[in-house]
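# Close look at the chain arrangement
Residue-level listing of the chains:
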Amino acid sequence: MSLVFLLVALPLGGGFFLPLLDKFWEESRAKELLAWAITLTTTVLAFLSLGWRGIYQMSGWPPPIGINLVVDGLSAAMLIVVNAIALLVVIYSSKYMEDWTPTGKFYGLFFLMLAGMNGVILTGDMFNLFVFLEIASIASYALVGFRRGGEELEAAFKYLVLGSIGSSFVIFGVGLLYAATGNLNMARISLVLAERGGGGGALIGITSAFFLVGFGLKAALVPFHAWLPDAHSSAPAPISAMLSGVLIKVLGVYCLMRVFFNVIGIGEVQANLLIWGGAISMVLGALLAVGQEDFKRLLAYSSISQVGYIVMALGIGGSLLLRGEEAIAGLALLGGFFHLINHAANKALLFLNSGAIEEATGTRDLSKMGGLFHRMPLTGMTTLFGVLSIAGIPPFAGFWSKLIIIVAALWGGFYPEAAILIAVSVLTLAYYMRVEREAFFGPVPDRLKSVREAPAMMNLATVVLALGAIGLGALYLPGLRELVLQPVSQVLLEGLRYARMVLGG
Amino acid sequence: MGMELKPRAIPPRGPGMSLIVKEVTRLLEPAIFIFGVYITLTGHLTPGGGFPGGVILACGFILVVLAYGGARAFRRLPPEGASKYDSGGALLFLFIGALGAIFGGGFLYNFLRVYLPGEPFHLKSAGTIPLLNIAIAMKVAASLFLVVMVLTLFKPWSAEGGER
């Protein structure tokens, strides 16, 4: 427990130390080794945090005064997702980023982003949450434009402008919350609001609107999704994997979970907004993905659609919680988080493979590919695993999480929502099967005759993620369920337990 | 202390602004830097601290760049050096924070307050706070200076793509 600060401090230190190494060891592998060491340590710490429960007092000040780091079921599970994918992405980039300008700068920005994400997950202070949110966002703006071509810079600028608007909404919400409760400590805020009882009045309503827009923009829910397809397809492949795999989930979905379930409490209006925001994202993201010719843009639109699943599950869970049906609410929230884990692993896998394919064939255009299964069997196989999991084909992990969400929606009486969930699932299968048909099956065109399999280092990361695509389904088995998923839904179900744990009451 | 103003030969008009601006800058430059250092070092006693002190230091450099052009400021603080101070300041802050975790109760714990109490209201007091202020001032001064310098590096980008 006393090591939990390393989850933020180590990547932050790496973020400032690795760029310095560029000047001394331009060609050396020392930077990669250091990056591996840091992400390996944070991953081990993240797994250890499953056994930790409680708070870490920064500079020794107790909770309402000082800023504290909070480890509970939700943050522990989230930390594992983020740091494990960061580790695989670093392994992949040690080969992929080889030919690019000083890798120290790349790893520097990468680790700043990781430090920001770990900070967002761990912090127990609203303003501190905003600070870490900005660290992660600003590092990601720079990483999107890392290739410095015209298109990349345009995407980065668009992302910068819209991301800053999102951050402004968040800071405005934090200010209003401070005005309403006189506290910035999340646990204190939640206790103050609970003592007042019932909704908290108009100010809290406006605050939750601000948070919904701000975090919704970071999560790319549909009215606020315009930046995502450009940003996620322009970034270098490992960064796309980080952005689509974990960044939108930490800055968007995790913050929505934490704020709406543990801090200000969810109301009927907010729950319905989450449900229908999620539904529109699912449908529109999937419909837009159908027509994409660019592989990475298709994956980006698919991210919008899949985040819609998670947000809708949150909304269904919140709505059921208000009705007092806790058992089904717990199932919906558990399904939502399960889908978050699965989507993080699968989308990271697909984006990493898109990078391998782009490097091998020189194109992202699906119509110019073909027969890649013959030329890149391992990449083809891992992509197939990711595709089947994300589309929800039975033995794969994505099927189980979608099934849990749909079952919870049906039990809770959300019939139109369940119909949308099933319909979008079919649509997802349709556009991913198009990817398989155009890129991987069929004869090899002449210009791709010399294509080779991706380097071993890159395949190592994708094979691990592909095993995850089938193995993560085991998380719902009794035994493992109590370890990861059950604590998450407990944290979300009993909103005030968070406050009691932090303040020790 | 009387400041002596000797008549000097008028230098040829080089890069930068007019003679008046240059002369005023030459006189103010040391004062601005000393003030920045003062604000940083007494941050634990009076209003101020690492961030304002760093901003004042950066403004001193930026003033020199505006008045004289880049060369004179870069002689003292080349951009590569500034980026080292930038990372160094952050690493120093983290290092002090980690020492707090090793010797005291937690990350950033003020362990020096116990081992080196000093006298209240004197420069040597408040434990690690002055050291953290120095780290912050390094970081803020270097990164603000770099931000302004990088902004001047960008050339207009024409619609066709490519530099103009």
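Above this text is the structure in question.
Read on for a plain summary of the structure. (Residues numbered from 1 in each chain as written. Chains lettered and ligands numbered in written order. Predicted model: local features only at pLDDT ≥ 70, side-chain atom pairs only at ≥ 80, totals over all residues. Heavy atoms only, no water.)

## Considerations on the overall build of chain A
Check the secondary structure of chain A and you find 20 helices and 2 strands. The C-alpha atoms of chain A give a radius of gyration of 21 Å, which matches the 23 Å a tight globule of 505 residues would have. Counting only C-alpha atoms and orienting by the principal axes, one finds that chain A spans roughly 70 × 55 × 45 Å. Put simply, chain A has 505 residues, and 63% of those count as buried. A separation of at least 24 residues holds for 82% of the contacts in chain A among residues at least 6 apart in sequence. (Helix = DSSP H or I, 4+ residues; strand = E, 2+ residues; numbered from the N terminus. Rg over C-alpha atoms; globule rule 2.2 N^0.38 Å. Buried < 20%, exposed > 50% of the residue type's maximum accessible area, 1.4 Å probe, protein only. Contact = heavy atoms within 4.5 Å.)

## Notes on helix α19 (residues 485-493) of chain A
All names here are of chain A. In terms of burial, α19 is a largely internal element, 7 of the 9 residues being buried. Considered for burial, the residues of α19 that qualify are Leu-485, Pro-487, Val-488, Ser-489, Val-491, Leu-492 and Leu-493. Among the structural elements, α3 (73-96), α10 (237-263), α12 (295-323), α13 (326-361) and α20 (495-503) are those in contact with the buried residues of α19.

## Thoughts on the interface of chain A and chain B
Taken together, the 14 residues of chain A in the interface contact 13 residues of chain B. For the pair chain A and chain B, the summed buried area comes to about 1,200 Å², and 78% of that belongs to carbon and sulfur atoms. It is A:Phe16, A:Lys23 and A:Ser59 that lose the most area in chain A upon contact with chain B, and together they represent 40% of the buried surface on that side. In this structure, the connection of chain A to chain B is made through 3 residue pairs in polar contact (both at pLDDT 80 or more). Mapped by element, the contributors of at least two residues to the side of chain A that touches chain B are α1 (6-24) and β1 (54-57) of chain A. Sorting elements by how many residues they give to the side of chain A that touches chain B places α1(A) first, with 8 residues. (Buried area = accessible area lost by both parts, 1.4 Å probe. Polar contact = N/O pair within 3.5 Å; in protein donor to acceptor, adjacent residues only side chain to side chain.)

## Comments concerning the environment of A:Leu366
All names here are of chain A. Positionally, Leu-366 belongs in the loop between α13 and α14 (372-375). Look at Leu-366 and you get buried, because its relative accessible area is 0%. Considered as a pair, Leu-366 and Val-435 are 69 residues apart in the sequence and their alpha carbons are 7.0 Å apart.

## Focus: the nonpolar core
A:Phe211, A:Met242 and A:Phe337 are the most contacted members of the largest nonpolar core, which totals 190 residues. Grouped together as the second largest cluster of nonpolar side chains are 15 residues, B:Phe61, B:Ile62, B:Tyr68 and B:Leu146 included. (Core = buried A, V, L, I, M, F, W, Y, C linked by side-chain atoms within 4.5 Å.)

## Things to note about the environment of A:Ala30
Relative to the assigned elements, A:Ala30 resides in helix α2 (residues 30-48). On the basis of relative accessible area, A:Ala30 is assigned to the partly exposed category, the value being 24%.

## Looking at the packing of aromatic side chains
A full pass over the atoms with the stated rule returns 24 aromatic pairs over all chains. In this structure, A:Arg481 is placed above the aromatic ring of A:Tyr476, and the distance from its NZ or CZ to the ring centre is 4.7 Å. (Phe/Tyr/Trp six-rings, centres within 6.5 Å; stacked < 30°, edge-to-face > 60°. Lys NZ or Arg CZ within 6 Å of the ring centre and 35° of its normal.)

## Some details on the packing of α13(A) against α19(A)
When two helices pack together, their arrangement is captured by the angle between the axes and the distance separating the axes. Residue and element names in this part refer to chain A. With their axes 9 Å apart at the nearest point, α13 and α19 run at an angle of 125° to one another. The pairing of α13 with α19 is recorded here as oblique in orientation. Where α13 crosses over α19, the two elements pack in a sense that is right-handed. Counting all contacts with α13, which are made through Glu-326, Ala-329, Gly-330, Leu-333, Leu-334, Phe-337, Phe-338 and Ile-341, the residues of α19 involved are Leu-485, Gln-486, Val-488, Ser-489, Leu-492 and Leu-493. Its residues placed into classes, the contact of α13 with α19 shows 10 nonpolar, 3 polar and 1 charged. (Axes fitted to C-alpha atoms, helices over the stretch in contact; angles between N-to-C directions. Parallel < 35°, antiparallel > 145°, perpendicular 65-115°, else oblique. Left-handed = near helix turned anticlockwise from the far one by under 90°. Nonpolar A, V, L, I, M, F, W, Y, C, P; charged D, E, K, R; others polar.)

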